[in-house]
Amino acid sequence: MYDVIVIGSGIGGLSAAGLLAKVAGKKVLVLEKHSEPGGQTHTFRRDGAHWNVGVHYVGDMEQGSTARRYFDYLSDGHLRWNNLSNVSDRLVFPGIDVEVGSNQQEYRDRLVRLFPEETRAIDRYFRDAHRMQSWLSLYVAQGMVPKVMAPVLRLLGKATGSTALSTTKEYLDRNVRSPQLKAILAAAWGDYGVVPSKSAFAVHGMIVAHSARGTWFPDGGSAMIARTLEQGIEAAGGAVQVCQEVTEILIDDGRAVGVSVLDNRGPVPVTREYRAETVISNIGVEPTFGQLLAHQPQSVKVMEQLQRIGTGISGVMVYIKLKDDPTVLGIDGGNILINTGFDHDDQARARAGLLSGQPTSAMVCFPSAKLRETTHHTAEILVFTDAVFHRNDDYPALKERMARGLIDLADSVVPGFADLVDYYEVGTPLTVEKYTSHPHGAFYGVPVTPQRFKEKPFGPRTEIPGLYLSGQDVSSLGVVGALMGGVAAASQVLGARGVSMINHALNKPPKHPQQQRLPEHKYHATLTAKKQLMDSVWQLDFELDRDAGDWTAGQYARLCVGGFYWRDYSIAGISGRVVRLLVSTRTGGHGSRFASTSTVGTSTPIELPLGSFCLT
């Protein structure tokens, strides 16, 4: 039924699926374990507010850039980006509060004013950072070109290889004298999750260069990435299915031929098998070979390789709903990186401080300000940690202790922040592991140490015919890194002409897909009746384009409420092709406006039934 199966709906999986669908017309099935598509770009909502779990800003997204051209093509121009040029990030250390902003030249000038004796070192740092971006681009390109051309790219990269494979700490110790300046320059390690003494300077430099021309944020939130890419996959006859936990990659005569899946869309899990000539795994190298291919001989070598590289770091996240717009505290939406010391490598101190409620560092973000949200105001606090967590009796108290400590730390830099907090909840490495399958919650995947780049690349080609890898473990990390990992996978699946086929497609004007039969569990729905039951509750009746099939009381429907916004609502009843939903308009968001203003005859897609909560 499908030409390609993609495991995981993160950026790497969706970009690979989208390119194969749009460039070659392939029918691609994307399987997502979570109930929301998008991987670490998905959002979650509480009482009208929403948070972006893994996206805080994106560089290299100016009009005409390589990454922007890919996203414009994959989304048919529907994915829009807010330029954060008027937003200033801050680095806060003891006695130092420096604005980073989105203009690298202005940031360089600020550093020179603070450390005039280090002018040559500062200029060299930014110059070398751009050289590292070029080095890493050559590394990533090895996964896109035909296999015989990869050695040529490796040879080209050798000219700057010694600097690229130094650790960030080694580079700074060689070139910078001031401990304070070293700490400021090294603070970018939070964008890739490896402390300076262990990270490859190639990646550190790439991250610095990545935002040289400014930063951007998806208009409408990071969930828009998955939703706008999804339509191109569906237009070619493919699908993005949620609540699909892949338990095994099926191997027949040494070749990947499909997957075994636990379908959790209903009250009772159902085991299914899907077959295709090509399988792409986007969930990371370790989950792929350590779990889905655990009994295959190729897994032994890969797991030994991972052991040599080490395990990536995770973090604790506090998602906060604010009582008022954070601009009342002088916030413009920029991220604030707080450090109570100058040693980023002292993870023992950081771990002890976090667990005791006295954190030594954190990043504070204001997603609602980036989105120019006027009704529901939010903040996020993130701190990296290598601590091991357990869901025991102390777990709730530990989360509360960490949250209060992080809020107090933010308040010490932004006075009045704690008083603005209305509601919060906490995610730990266990949360990340639950929803993404990343072992130990290592959301950056394989750590970007020098050893990673000295080892044989993990993909996109694998030693198992028919199996490819995509995402950040294939190339680099972050949104753009994962995107290019998907491009690499699609290039290899398409064969020797894959890169040229994709480049040719990028130069064509976008095609806007016509309405088509939607995939399984999605329907074209027409509003046939609406009734206001209470001040903030509406009853909406929809007629579907075909019978809805079986459902169980307690399940819900996912309704497109305009543009690419989807919202979940309780199913009050299904009879043949008629579905009745109950919609609360209390929060005043996109769903509330749809329920109160839509008229009979309005058409919109709907996905159902979903949910394992049911009456017994």
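Placed above this text is the structure.
Treat the numbers as computed from the prediction; the structure is a model and nothing was measured.

Conventions and cut-offs
Residues numbered from 1 in each chain as written. Predicted model: local features only at pLDDT ≥ 70, side-chain atom pairs only at ≥ 80, totals over all residues. Heavy atoms only, no water. Helix = DSSP H or I, 4+ residues; strand = E, 2+ residues; numbered from the N terminus. Rg over C-alpha atoms; globule rule 2.2 N^0.38 Å. Contact = heavy atoms within 4.5 Å. Areas by Shrake-Rupley, 256 points an atom, 1.4 Å probe, with all protein chains shown as cover. Lys, Arg positive; Asp, Glu negative; His and termini not counted. Charge placed at Lys NZ, Arg CZ, Asp CG, Glu CD. Phe/Tyr/Trp six-rings, centres within 6.5 Å; stacked < 30°, edge-to-face > 60°. Buried < 20%, exposed > 50% of the residue type's maximum accessible area, 1.4 Å probe, protein only. Lys NZ or Arg CZ within 6 Å of the ring centre and 35° of its normal. Core = buried A, V, L, I, M, F, W, Y, C linked by side-chain atoms within 4.5 Å. Pairing = 2+ DSSP bridges. Disulfide = S-S within 2.5 Å. Axes fitted to C-alpha atoms, helices over the stretch in contact; angles between N-to-C directions.

**Overview of the overall build of the chain**
Move 1: Along the backbone of the chain there are 21 helices and 26 strands.
Move 2: Computed over its C-alpha atoms, the radius of gyration of the chain comes to 24 Å, within 12% of the 25 Å expected for a compact globule of 616 residues.
Move 3: Expressed as a percentage of contacts within the chain between residues at least 6 apart in sequence, the contacts between residues at least 24 apart total 71%.
Move 4: Put simply, the chain shows about 24,900 Å² of open surface, and 51% of that area lies on carbon and sulfur atoms.
Move 5: Within the chain, the 62 negative side-chain charges are centred at a point lying 5 Å from the centre of the 62 positive side-chain charges.

**Observations concerning the packing of aromatic side chains**
Move 1: Per the stated rule, a full pass over the model turns up 15 aromatic pairs.
Move 2: An angle of 50 degrees between the planes, with centres 5.6 Å apart, marks the rings of Phe71 and Trp81 as tilted. In this pair, Phe71 is assigned in helix α2 (residues 66-74) and Trp81 in strand β6 (residues 81-83), connecting sequence segments 10 residues apart. The same class applies to Phe71 and to Trp81, which are both buried.
Move 3: Relative to Phe453, the ring of Trp135 has its centre 5.8 Å away and its plane inclined at 80 degrees; by these criteria the two rings are edge-to-face. Of this pair, Trp135 sits in helix α4 (residues 119-141) while Phe453 sits in helix α18 (residues 450-454); the two residues are 318 residues apart in sequence, bridging distant segments of the chain. Grouping residues by exposure puts Trp135 and Phe453 together as buried.
Move 4: These aromatic residues form a ring-pair network of at least three members: Trp189, Phe384, Phe443 and Tyr444.
Move 5: Of note, Lys22 hangs over the ring of Tyr73, and the distance from its end group to the ring centre comes to 5.1 Å.
Move 6: Positioned above the aromatic ring of Tyr2, the side-chain terminus of Lys27 is 5.9 Å from the ring centre.

**A look at the side chain of Asn335**
Move 1: Inspection of the secondary structure puts Asn335 in the loop between β15 (314-322) and β16 (336-339).
Move 2: In this view, Asn335 contacts His56, Tyr57, Asp89, Arg90, Met363, Val364, Cys365 and Lys370; residues no more than four positions away in its chain are not counted.

**Remarks on the nonpolar core**
Side chains of a nonpolar character, in soluble globular proteins, are inclined to be buried together.
Move 1: Core analysis: the largest hydrophobic core is formed by 136 residues, its most contacted members being Leu19, Phe71, Leu91, Ile184, Val203, Val259 and Ile280.
Move 2: The residues contacting Val259, other than those within four sequence positions of it, are Ile5, Ile7, Leu31, Val246, Glu248, Ile249, Leu250, Arg272, Glu273, Tyr274 and Val279.
Move 3: Formed by 33 residues, the second largest nonpolar core is a distinct cluster that contains Leu354, Ala387, Leu409 and Val414.

**Some points on the pairing of strand β11 (residues 244-252)**
Move 1: Bridging between β11 and strand β12 (residues 255-263) involves 8 bridges; their strand directions are antiparallel. Along β12, the bridge assignment pairs Gln244 with Asp263.
Move 2: What sits between β11 and β12 in their antiparallel hairpin is a turn of 2 residues, with Asp253 showing a positive phi close to 55 degrees.

**With respect to the state of the cysteines**
Move 1: Tallying each qualifying case throughout the model produces 0 disulfides.
Move 2: Looking at Cys560, it has no disulfide partner, and the nearest cysteine sulfur is the one in Cys243, 18 Å off.

**Thoughts on the sheet that holds strand β5 (residues 58-59)**
Move 1: With respect to topology, 3 strands assemble into an open sheet ordered β5-β9-β6, the strand pairing being antiparallel. Since the sheet does not close on itself, it has two edges, and those belong to β5 and β6, each with one partner.
Move 2: Examined bridge by bridge, β5 and strand β9 (residues 215-218) share 2 bridges and lie antiparallel to one another. Along β9, the bridge assignment pairs Gly59 with Thr215.

**Focus on the sheet that holds strand β19 (residues 421-427)**
Move 1: The strand order across the open sheet built from 7 strands is β8-β7-β16-β17-β18-β15-β19, with neighbouring strands paired in mixed fashion. Strands with a single pairing partner mark the edges of an open sheet, and in this sheet they are β8 (96-99) and β19. Adjacent strand axes in the sheet meet at a mean angle of 15 degrees when their direction is disregarded.
Move 2: On the sheet, helix α3 (residues 104-114) packs against β7 (90-93) and β8 and is oriented at approximately 155 degrees with respect to β8.
Move 3: Where helix α15 (residues 395-413) meets the sheet, it contacts β7, β15, β16, β17 (361-365), β18 (377-385) and β19, and its direction lies at approximately 125 degrees from that of β19.

**As for helix α9 (residues 201-210)**
Move 1: For α9, the buried fraction is high: 10 of the 10 residues fall into the buried class.
Move 2: What α9 keeps buried is the set Phe201, Ala202, Val203, His204, Gly205, Met206, Ile207, Val208, Ala209 and His210.

**Structural notes on the pairing of strand β26 (residues 603-610)**
Move 1: Burial analysis of β26 places 6 of its 8 residues in the buried class, the great majority of the element.
Move 2: Here strand β21 (residues 522-534) runs beside β26; their pairing, made up of 5 bridges, is antiparallel. In the strand pairing of β26, His524 is matched with Pro605.
Move 3: Both strand β23 (residues 556-560) and β26 contribute to a ladder of 3 bridges, which runs antiparallel. Looking at the pairing, Leu559 lines up with Ile606 of β26.

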